[in-house]
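Coordinate analysis (summary)
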Amino acid sequence: MKLFIYEHCPFCLRTRMISGLKNLNMQYQVIMEGDAETPISMVGKKVVPILQKDNGEYLIESLDIVKYLDELDKPRFATESKNNKVDEWIKDTANDIFYLVVPRFTKGNFKELSTPEARQAYLDRETQAFGDIEVLIANTEQYLAPVNQQLQLLEPIIAERQGIDIDDFKLLPLLRSLTIVKDIEFGSQTQAYIENLSDKAQIDLLYDQAI
């Protein structure tokens with residue numbers, strides 16, 4: 001099987017998580033930013049992640065890919081959540097998270113940005129979606145303060161979690177994204193969660209790129 005991904009993308013990270021947790025024999029291919037032709041040739045639109053199954057068929061939508069890979073064999077990790085606390089936290093926090101991490105992604109060391117053309121394509125795309133990137137970085141505190149506050153509210157939610165379920169495939173990718181933010185303040189429970197689950201899922205963190 002093969003996964004077509006961006007290295008920075010939190011939605012792609014969901015699929016990397018399940019592959020790592022289950023130790024699947026997975027090939028990864030990074031699609032360059034600005035390359036619409038490759039995904040369109042496979043699934044008819046510009047989208048990642050894309051899973052190419054062993055039979056050559058393609059599957060899109062990150063959580064659909066997670067569930068498909070999870071059902072291939074045991075143990076199962078993407079079971080349904082027992083409560084909605086994680087979903088509520090994400091709903092309250094995700095907007096500010098993206099305004100923090102996306103500007104930093106545009107400056108990051110990712111394979112999909114490894115040519116000047118690809119980096120410019122990504123910068124243009126995200127400027128259109130989020131606004132002037134340099135202004136957003138200059139206004140970091142506007143988004144950092146509420147995210148740090150929300151991270152304190154996350155502490156008891158993580159403390160009561162047991163095992164791994166579908167919520168982890170929503171939460172860890174956002175928290176991993178935040179490791180590219182220099183002054184982010186993870187609580188002790190959250191820090192341990194990030195380190196333990198990323199290790200189990202064989203996921204790289206972004207502290208060395210933090211700005």
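Treat the numbers as computed from the prediction; the structure is a model and nothing was measured.

On to the UniProt feature "domain: GST N-terminal" (unreviewed entry) in the protein chain, then. Taking the UniProt record as the reference, the feature "domain: GST N-terminal" (unreviewed entry) is found at residues 3-74. For the annotated span residues 3-74, helix accounts for 39% and strand for 18% of the residues, and the straight-line distance between the end C-alpha atoms is 20 Å.

Looking now at the packing of aromatic side chains. Following the criterion strictly, the structure yields 3 aromatic pairs and no others. Note on Y99 and F130: the rings are 5.1 Å apart at their centroids and 80 degrees apart in plane angle, and the pair reads as edge-to-face. Of this pair, Y99 sits in helix α4 (residues 85-105) while F130 sits in helix α5 (residues 116-130), and the two are 31 residues apart along the sequence. With 5.9 Å between their ring centres and 85 degrees between their planes, F105 and F110 make a pair best called edge-to-face. The buried category is assigned to F110, whose relative accessible area is 4%. Site record: aromatic cluster; members linked through ring pairs are Y99, F130 and Y143. If you follow K53 out to its NZ or CZ, it ends over the ring of Y68, 4.5 Å from the centre.

Before going further, it helps to examine the domain arrangement of the protein chain. It is common to report an interface's size as the accessible area lost on association of the parts. When its domains are assigned, the protein chain resolves into domain 1 (2-72) and domain 2 (84-209). Averaged C-alpha coordinates put domain 1 and domain 2 at centres separated by 20 Å. On the domain 2 side, the residues contacting the 22 residues of domain 1 number 28 residues. For the pairing of domain 1 and domain 2, the buried interface totals around 2,200 Å² over both sides, and the portion due to carbon and sulfur atoms is 69%. Per-residue buried area on domain 1 facing domain 2 is highest for H8, M17 and E33; these three make up 31% of the total on that side. Run the count over domain 1 and domain 2 and you get 2 salt bridges.

Between α4 and α5, the least distance of the axes is 10 Å, while the angle of their chain directions is 160 degrees. Regarding the angle of α4 to α5, the classification is roughly antiparallel. The handedness of the crossing between α4 and α5 is left-handed. Residues F98, Y99, V102 and F105 of α4 lie in contact with α5, whose contacting residues are Y122, E126 and F130. For the contact of α4 with α5, the per-class residue count stands at 6 nonpolar, no polar and 1 charged.

Calculation rules
Residues numbered from 1 in each chain as written. Predicted model: local features only at pLDDT ≥ 70, side-chain atom pairs only at ≥ 80, totals over all residues. Heavy atoms only, no water. UniProt positions renumbered as here; feature names shortened; annotations may be inferred. Helix = DSSP H or I, 4+ residues; strand = E, 2+ residues; numbered from the N terminus. Phe/Tyr/Trp six-rings, centres within 6.5 Å; stacked < 30°, edge-to-face > 60°. Buried < 20%, exposed > 50% of the residue type's maximum accessible area, 1.4 Å probe, protein only. Lys NZ or Arg CZ within 6 Å of the ring centre and 35° of its normal. Domains from an automatic or database assignment. Contact = heavy atoms within 4.5 Å. Buried area = accessible area lost by both parts, 1.4 Å probe. Salt bridge = Lys/Arg side-chain N within 4 Å of Asp/Glu carboxyl O. Axes fitted to C-alpha atoms, helices over the stretch in contact; angles between N-to-C directions. Parallel < 35°, antiparallel > 145°, perpendicular 65-115°, else oblique. Left-handed = near helix turned anticlockwise from the far one by under 90°. Nonpolar A, V, L, I, M, F, W, Y, C, P; charged D, E, K, R; others polar.

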